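# Residue-level structure breakdown
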Amino acid sequence: MQISESEMTKKTLIDKKAKDLPILTRTSSGNARYCDRCRCIKPDRAHHCSICETCVLKMDHHCPWVNNCVGFSNYKFFILFLFYAVLYSIYICATSLEYFIKFWDQIQTFQAGKFHLLLLFFVSIMFGISVSTLLAYHIYLSSKNCTTLESFRAPIFINTGLEDKDGFNLSTSENLKQIFGTNWRKALIPIFTSMTDGVTYPISVKQSLAASNQNYNTTNMLLLNERQALNSRNRSFEEIRITME
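Residues numbered from 1 in each chain as written. Predicted model: local features only at pLDDT ≥ 70, side-chain atom pairs only at ≥ 80, totals over all residues. Heavy atoms only, no water.

## What about the overall build of the protein?
Of the regular secondary structure elements, the protein holds 6 helices and 8 strands. N-terminal to C-terminal, the α/β element order of the protein is α-β-β-β-β-β-β-β-α-α-α-β-α-α. Contacts spanning at least 24 positions in sequence make up 50% of the contacts within the protein whose residues lie at least 6 apart. If you sum the accessible surface of the protein, you get close to 16,200 Å²; carbon and sulfur atoms cover 61% of it. (Helix = DSSP H or I, 4+ residues; strand = E, 2+ residues; numbered from the N terminus. Contact = heavy atoms within 4.5 Å. Areas by Shrake-Rupley, 256 points an atom, 1.4 Å probe, with all protein chains shown as cover.)

## A closer look at the pattern of salt bridges
Scanning the entire structure with this criterion turns up 4 salt bridges. Put simply, R37 and E53 hold a salt bridge, and the shortest N to O gap is 3.9 Å. Pair noted here: R37 is in the loop between β2 (34-35) and β3 (40-41) and E53 is in the loop between β4 (47-49) and β5 (54-56), with a separation of 16 residues, a long-range link. On the basis of relative accessibility, which here comes to 49%, the residue E53 falls in the partly exposed class. For E174, the salt bridge goes to K177, with nearest N and O atoms at 3.6 Å. One end of the pair is E174 and the other is K177, both in helix α5 (residues 172-180) and 3 residues apart, which spans about a single turn. Judged by its relative accessible area of 33%, E174 is partly exposed. (Salt bridge = Lys/Arg side-chain N within 4 Å of Asp/Glu carboxyl O. Buried < 20%, exposed > 50% of the residue type's maximum accessible area, 1.4 Å probe, protein only.)

## Section: a nonpolar patch on the surface
Taken together, the side chains of W65, V66, F81, L119, F122, V123, M126 and F127 define a hydrophobic patch exposed on the protein surface, amounting to about 830 Å² of accessible area. Top contributing element to the nonpolar patch by residue count: helix α3 (residues 115-144), with 5 residues. By secondary structure assignment, the location of L119 is in helix α3. (Patch = residues over 30% accessible without salt bridge, like charges linked within 9 Å, V, L, I, M, F, W, Y side chains within 5 Å.)

## Digging into the packing of aromatic side chains
What the rule picks out here adds up to 6 aromatic pairs. Aromatic side chains F83 and Y84 sit 6.1 Å apart centroid to centroid with 55° between the ring planes, which places their arrangement in the tilted category. A residue is classified by how much of its surface remains accessible, and Y84, at 35% relative accessible area, is partly exposed. Here the basic side chain of R45 rests over the ring of F168, its NZ or CZ set 4.3 Å away from the ring centre. Sitting above the plane of the Y201 ring, R45 keeps its charged end 5.1 Å from the centroid. (Phe/Tyr/Trp six-rings, centres within 6.5 Å; stacked < 30°, edge-to-face > 60°. Lys NZ or Arg CZ within 6 Å of the ring centre and 35° of its normal.)

Here's what the structure looks like:
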(Lines give C-alpha, C1' and ligand atoms only; values in the text may rest on other atoms or scores of the structure.)
Protein backbone atom coordinates (compact mmCIF):
# COMPACT_ATOMS: atom_id res chain seq x y z
CA MET A 1 0.00 0.00 0.00
CA GLN A 2 2.87 2.35 0.82
CA ILE A 3 4.50 1.61 -2.57
CA SER A 4 1.25 2.38 -4.36
CA GLU A 5 0.89 5.67 -2.49
CA SER A 6 4.47 6.65 -3.29
CA GLU A 7 3.90 5.88 -6.96
CA MET A 8 0.74 7.96 -6.97
CA THR A 9 2.60 10.83 -5.32
CA LYS A 10 5.38 10.52 -7.87
CA LYS A 11 2.92 10.59 -10.80
CA THR A 12 1.15 13.58 -9.29
CA LEU A 13 4.40 15.52 -8.99
CA ILE A 14 5.42 14.56 -12.54
CA ASP A 15 2.07 15.62 -13.97
CA LYS A 16 2.26 18.91 -12.06
CA LYS A 17 5.73 19.60 -13.46
CA ALA A 18 4.68 18.54 -16.98
CA LYS A 19 1.98 21.23 -17.04
CA ASP A 20 4.72 23.86 -17.23
CA LEU A 21 6.43 22.12 -20.17
CA PRO A 22 5.54 22.29 -23.90
CA ILE A 23 4.27 18.69 -23.98
CA LEU A 24 1.19 17.68 -25.95
CA THR A 25 1.21 13.88 -25.64
CA ARG A 26 0.39 11.62 -22.71
CA THR A 27 0.34 7.93 -21.83
CA SER A 28 -2.77 5.79 -22.24
CA SER A 29 -3.60 6.48 -18.58
CA GLY A 30 -3.44 10.24 -19.15
CA ASN A 31 -0.19 10.80 -17.23
CA ALA A 32 2.92 12.54 -18.48
CA ARG A 33 5.40 10.32 -20.32
CA TYR A 34 8.23 9.72 -17.86
CA CYS A 35 11.40 7.64 -18.34
CA ASP A 36 12.32 5.74 -15.19
CA ARG A 37 15.79 4.90 -16.50
CA CYS A 38 16.80 8.39 -17.60
CA ARG A 39 14.71 9.95 -14.81
CA CYS A 40 13.27 12.67 -17.00
CA ILE A 41 9.97 13.67 -18.56
CA LYS A 42 9.99 12.62 -22.19
CA PRO A 43 9.46 15.34 -24.79
CA ASP A 44 6.87 14.70 -27.49
CA ARG A 45 7.89 11.89 -29.89
CA ALA A 46 10.89 10.91 -27.73
CA HIS A 47 11.38 7.28 -26.66
CA HIS A 48 13.91 5.31 -24.65
CA CYS A 49 16.18 2.94 -26.58
CA SER A 50 17.07 -0.15 -24.55
CA ILE A 51 20.13 -0.78 -26.75
CA CYS A 52 21.61 2.74 -26.65
CA GLU A 53 20.45 3.15 -23.02
CA THR A 54 19.21 6.68 -23.57
CA CYS A 55 16.12 8.63 -24.61
CA VAL A 56 16.19 9.65 -28.27
CA LEU A 57 14.41 12.73 -29.63
CA LYS A 58 11.80 11.86 -32.28
CA MET A 59 12.99 8.26 -32.22
CA ASP A 60 12.19 6.29 -35.37
CA HIS A 61 13.94 2.98 -34.70
CA HIS A 62 17.26 1.44 -33.74
CA CYS A 63 19.13 0.54 -36.90
CA PRO A 64 21.67 -2.32 -36.72
CA TRP A 65 23.09 -1.27 -40.12
CA VAL A 66 24.48 1.96 -38.67
CA ASN A 67 24.67 0.64 -35.09
CA ASN A 68 22.80 3.65 -33.80
CA CYS A 69 19.33 5.02 -33.18
CA VAL A 70 17.64 6.87 -36.01
CA GLY A 71 15.89 9.98 -34.74
CA PHE A 72 15.68 13.74 -34.95
CA SER A 73 19.42 14.42 -35.24
CA ASN A 74 20.19 11.90 -38.02
CA TYR A 75 16.91 10.97 -39.75
CA LYS A 76 17.79 13.02 -42.84
CA PHE A 77 21.20 11.33 -43.03
CA PHE A 78 19.52 7.92 -42.75
CA ILE A 79 17.21 8.66 -45.69
CA LEU A 80 20.15 9.96 -47.74
CA PHE A 81 22.11 6.81 -46.83
CA LEU A 82 19.28 4.70 -48.28
CA PHE A 83 19.04 6.95 -51.35
CA TYR A 84 22.79 6.77 -52.03
CA ALA A 85 22.71 2.98 -51.53
CA VAL A 86 19.93 2.64 -54.12
CA LEU A 87 21.87 4.79 -56.61
CA TYR A 88 25.01 2.72 -56.02
CA SER A 89 23.08 -0.52 -56.55
CA ILE A 90 21.71 0.81 -59.83
CA TYR A 91 25.21 1.81 -60.91
CA ILE A 92 26.67 -1.62 -60.08
CA CYS A 93 23.78 -3.39 -61.80
CA ALA A 94 24.14 -1.24 -64.94
CA THR A 95 27.93 -1.71 -65.23
CA SER A 96 27.76 -5.48 -64.72
CA LEU A 97 24.78 -5.99 -67.05
CA GLU A 98 27.15 -6.34 -70.03
CA TYR A 99 28.80 -9.42 -68.54
CA PHE A 100 25.44 -10.91 -67.60
CA ILE A 101 24.33 -10.70 -71.24
CA LYS A 102 27.64 -12.11 -72.49
CA PHE A 103 27.31 -15.03 -70.11
CA TRP A 104 24.06 -16.20 -71.73
CA ASP A 105 25.22 -15.42 -75.28
CA GLN A 106 28.59 -17.11 -74.85
CA ILE A 107 27.90 -19.51 -72.00
CA GLN A 108 30.41 -22.11 -73.24
CA THR A 109 33.28 -19.72 -73.92
CA PHE A 110 32.64 -17.38 -71.00
CA GLN A 111 35.78 -16.87 -68.92
CA ALA A 112 35.56 -18.48 -65.48
CA GLY A 113 37.47 -15.57 -63.97
CA LYS A 114 34.51 -13.26 -64.56
CA PHE A 115 31.90 -15.29 -62.68
CA HIS A 116 32.28 -12.92 -59.73
CA LEU A 117 30.79 -10.21 -61.96
CA LEU A 118 27.65 -12.30 -62.33
CA LEU A 119 27.48 -12.69 -58.57
CA LEU A 120 27.90 -8.95 -58.21
CA PHE A 121 25.04 -8.38 -60.65
CA PHE A 122 22.61 -10.54 -58.69
CA VAL A 123 23.70 -9.15 -55.34
CA SER A 124 23.24 -5.57 -56.56
CA ILE A 125 19.71 -6.40 -57.75
CA MET A 126 18.68 -8.05 -54.46
CA PHE A 127 20.29 -5.35 -52.35
CA GLY A 128 18.80 -2.59 -54.51
CA ILE A 129 15.27 -4.03 -54.26
CA SER A 130 15.41 -4.42 -50.48
CA VAL A 131 16.91 -0.96 -49.87
CA SER A 132 14.58 0.78 -52.35
CA THR A 133 11.60 -0.79 -50.56
CA LEU A 134 12.86 0.55 -47.24
CA LEU A 135 13.53 3.96 -48.82
CA ALA A 136 10.01 4.12 -50.28
CA TYR A 137 8.53 3.27 -46.87
CA HIS A 138 10.47 6.04 -45.11
CA ILE A 139 9.61 8.57 -47.83
CA TYR A 140 5.97 7.67 -47.21
CA LEU A 141 6.43 8.16 -43.45
CA SER A 142 8.21 11.46 -44.06
CA SER A 143 5.34 12.70 -46.24
CA LYS A 144 2.98 11.94 -43.34
CA ASN A 145 5.36 13.35 -40.68
CA CYS A 146 5.18 10.04 -38.86
CA THR A 147 7.90 7.84 -37.38
CA THR A 148 8.09 4.06 -37.51
CA LEU A 149 7.18 3.81 -33.83
CA GLU A 150 4.22 6.17 -34.29
CA SER A 151 2.98 4.15 -37.26
CA PHE A 152 2.65 1.10 -35.00
CA ARG A 153 1.45 2.94 -31.88
CA ALA A 154 -0.06 6.35 -32.45
CA PRO A 155 0.65 9.11 -29.90
CA ILE A 156 -2.12 10.12 -27.48
CA PHE A 157 -2.74 13.87 -27.40
CA ILE A 158 -3.77 15.68 -24.25
CA ASN A 159 -6.16 17.91 -26.24
CA THR A 160 -8.44 15.03 -27.23
CA GLY A 161 -7.25 12.14 -25.05
CA LEU A 162 -7.30 9.95 -28.18
CA GLU A 163 -4.71 8.32 -30.41
CA ASP A 164 -3.96 10.22 -33.60
CA LYS A 165 -1.44 9.03 -36.20
CA ASP A 166 -1.87 12.28 -38.11
CA GLY A 167 -1.42 14.52 -35.10
CA PHE A 168 1.80 15.99 -36.50
CA ASN A 169 0.74 15.79 -40.16
CA LEU A 170 0.81 19.30 -41.64
CA SER A 171 0.96 18.76 -45.41
CA THR A 172 3.26 16.81 -47.71
CA SER A 173 5.48 19.79 -48.52
CA GLU A 174 5.56 21.08 -44.94
CA ASN A 175 6.27 17.60 -43.60
CA LEU A 176 9.25 17.19 -45.93
CA LYS A 177 10.51 20.63 -44.91
CA GLN A 178 10.58 19.42 -41.30
CA ILE A 179 13.29 16.93 -42.34
CA PHE A 180 15.08 18.44 -45.33
CA GLY A 181 14.66 22.13 -44.54
CA THR A 182 13.41 24.98 -46.70
CA ASN A 183 16.43 25.13 -49.03
CA TRP A 184 15.92 22.28 -51.50
CA ARG A 185 19.44 22.75 -52.91
CA LYS A 186 20.75 21.34 -49.65
CA ALA A 187 18.20 18.53 -49.45
CA LEU A 188 20.47 15.90 -51.06
CA ILE A 189 23.62 17.10 -49.29
CA PRO A 190 24.51 15.32 -46.01
CA ILE A 191 24.32 18.41 -43.81
CA PHE A 192 21.85 19.05 -41.01
CA THR A 193 18.96 21.16 -42.30
CA SER A 194 16.03 19.79 -40.28
CA MET A 195 13.62 22.27 -38.72
CA THR A 196 12.38 22.57 -35.11
CA ASP A 197 14.49 22.01 -32.00
CA GLY A 198 13.67 18.32 -31.56
CA VAL A 199 11.53 19.01 -28.48
CA THR A 200 8.51 20.93 -29.77
CA TYR A 201 6.74 20.21 -33.04
CA PRO A 202 3.92 21.92 -34.96
CA ILE A 203 0.67 19.96 -34.86
CA SER A 204 -2.09 19.33 -37.38
CA VAL A 205 -5.10 21.58 -37.89
CA LYS A 206 -7.28 19.04 -36.10
CA GLN A 207 -5.12 19.10 -32.98
CA SER A 208 -4.77 22.89 -33.15
CA LEU A 209 -8.56 23.28 -33.17
CA ALA A 210 -8.83 20.83 -30.26
CA ALA A 211 -6.24 22.83 -28.31
CA SER A 212 -8.11 26.08 -29.05
CA ASN A 213 -11.40 24.56 -27.88
CA GLN A 214 -9.72 23.29 -24.73
CA ASN A 215 -8.27 26.73 -23.99
CA TYR A 216 -11.67 28.30 -24.69
CA ASN A 217 -13.40 25.90 -22.31
CA THR A 218 -10.75 26.48 -19.67
CA THR A 219 -11.15 30.24 -19.96
CA ASN A 220 -14.92 29.95 -19.69
CA MET A 221 -14.57 27.76 -16.62
CA LEU A 222 -12.25 30.27 -14.96
CA LEU A 223 -14.64 33.12 -15.74
CA LEU A 224 -17.56 31.11 -14.37
CA ASN A 225 -15.66 30.36 -11.16
CA GLU A 226 -14.74 34.04 -10.76
CA ARG A 227 -18.37 35.04 -11.34
CA GLN A 228 -19.59 32.55 -8.75
CA ALA A 229 -16.99 33.78 -6.26
CA LEU A 230 -18.03 37.38 -6.91
CA ASN A 231 -21.71 36.54 -6.43
CA SER A 232 -20.91 34.70 -3.20
CA ARG A 233 -18.91 37.69 -1.97
CA ASN A 234 -21.76 40.06 -2.80
CA ARG A 235 -24.23 37.86 -0.91
CA SER A 236 -21.92 37.88 2.11
CA PHE A 237 -21.70 41.67 2.02
CA GLU A 238 -25.50 41.88 1.73
CA GLU A 239 -25.97 39.58 4.74
CA ILE A 240 -23.51 41.67 6.78
CA ARG A 241 -25.34 44.89 5.80
CA ILE A 242 -28.71 43.44 6.82
CA THR A 243 -27.29 42.22 10.12
CA MET A 244 -25.86 45.65 10.92
CA GLU A 245 -29.17 47.30 10.21
